[in-house]
Amino acid sequence: MLTILDENRFDAFFSILEQSFPLDEYRTREEQRALFDLAEYTALAAVDENGRINGVFGVWDLEDVRFVEHFAVSPTLRGGGLGTHMFHELLKTSPAPVVLEVEPPNDPVAV
């Protein structure tokens, strides 16, 4: 199940972004943290039974769609189906159509 994160879990959220995206694909720590105060932005996470954040979404709830700006799974858990499970859960529970931002696979990180 996906959990809405608050500012108390920001460090774990941001750590996964840092491990998953090139520097030009996410904001500075301060800029990203400021998004947690916006009503239209939601940070969602897959949290395991031990309370660890294993995957994250950064989602904008816009007028007609839910725009997924960031979607990442902890590097140690990639390839095991967690991302697929997370995305299916997001689609199942979304109040609006989901749009996922993707990058061309032009480097090893994007592949």
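Structure's up top.
Basis of the calculations
Residues numbered from 1 in each chain as written. Predicted model: local features only at pLDDT ≥ 70, side-chain atom pairs only at ≥ 80, totals over all residues. Heavy atoms only, no water. Helix = DSSP H or I, 4+ residues; strand = E, 2+ residues; numbered from the N terminus. Rg over C-alpha atoms; globule rule 2.2 N^0.38 Å. Buried < 20%, exposed > 50% of the residue type's maximum accessible area, 1.4 Å probe, protein only. Contact = heavy atoms within 4.5 Å. Areas by Shrake-Rupley, 256 points an atom, 1.4 Å probe, with all protein chains shown as cover. Phe/Tyr/Trp six-rings, centres within 6.5 Å; stacked < 30°, edge-to-face > 60°. Core = buried A, V, L, I, M, F, W, Y, C linked by side-chain atoms within 4.5 Å. Pairing = 2+ DSSP bridges. Axes fitted to C-alpha atoms, helices over the stretch in contact; angles between N-to-C directions.

Undergrad: Help me understand the overall build of the protein in this model?
TA: Assigned secondary structure in the protein consists of 3 helices and 5 strands. When the helices and strands of the protein are placed in sequence order, the string is β-α-α-β-β-β-α-β. The C-alpha radius of gyration of the protein comes to 13 Å, within 12% of the 13 Å expected for a compact globule of 111 residues. Seen along its three principal axes, the alpha-carbon backbone of the protein occupies a region of about 35 × 35 × 30 Å. Counting over 111 residues, the protein shows a buried share of 36%. Contacts in the protein between residues far apart in sequence, at least 24 positions, make up 54% of those at least 6 positions apart. When the accessible surface of the protein is summed, it comes to about 6,700 Å², and 54% of that surface belongs to carbon and sulfur atoms.

Undergrad: Help me out: how do you make sense of the packing of aromatic side chains in this one?
TA: Aromatic ring pairs are described here by two measures, namely the spacing of the ring centres and the angle between the planes. Taken as a whole and judged by the stated rule, the model has 10 aromatic pairs. Connected via pairs of aromatic rings, a cluster forms that spans F10, F13, F14, Y26, F36, Y41 and W60.

Undergrad: Any chance you could explain the nonpolar core here in plain terms?
TA: Most often, soluble globular proteins keep nonpolar side chains buried together rather than apart. If you look at the biggest cluster of nonpolar residues, it comprises 17 residues, and the most contacted ones within it are L5, F13, F36, Y41 and V56. At the level of secondary structure, the elements contributing two or more residues to this core comprise α1 (10–20), β2 (41–47) and β3 (53–61). By residue number, the principal contributor to this core is α1, which donates 5 residues. With residues near it in sequence (within four places) discarded, Y41 still touches F13, Q32, L35, F36, G58, V59, W60 and E69.

Undergrad: Before we go on, may I ask you to explain the sheet that holds β2 in this structure?
TA: The pairing of strands in a sheet happens through backbone hydrogen bonds and is either parallel or antiparallel. The strand order across the open sheet built from 5 strands is β1-β2-β3-β4-β5, with neighbouring strands paired in mixed fashion. Of all the strands in the sheet, just β1 (2–4) and β5 (98–100) have a single pairing partner and so form its edges. Along the sheet, successive strands turn relative to each other by an average axial angle of 35°, direction set aside. Bridging between β3 and strand β4 (residues 66–73) involves 7 bridges; their strand directions are antiparallel. By the bridge assignment, V56 is partnered in β4 with A72. Contacts from α1 reach β2, β3 and β4 within the one sheet, and its direction differs from that of β3 by about 95°. The sheet contacts of helix α3 (residues 82–93) involve β1, β2, β3, β4 and β5, and relative to β4 the element is tilted by about 160°.

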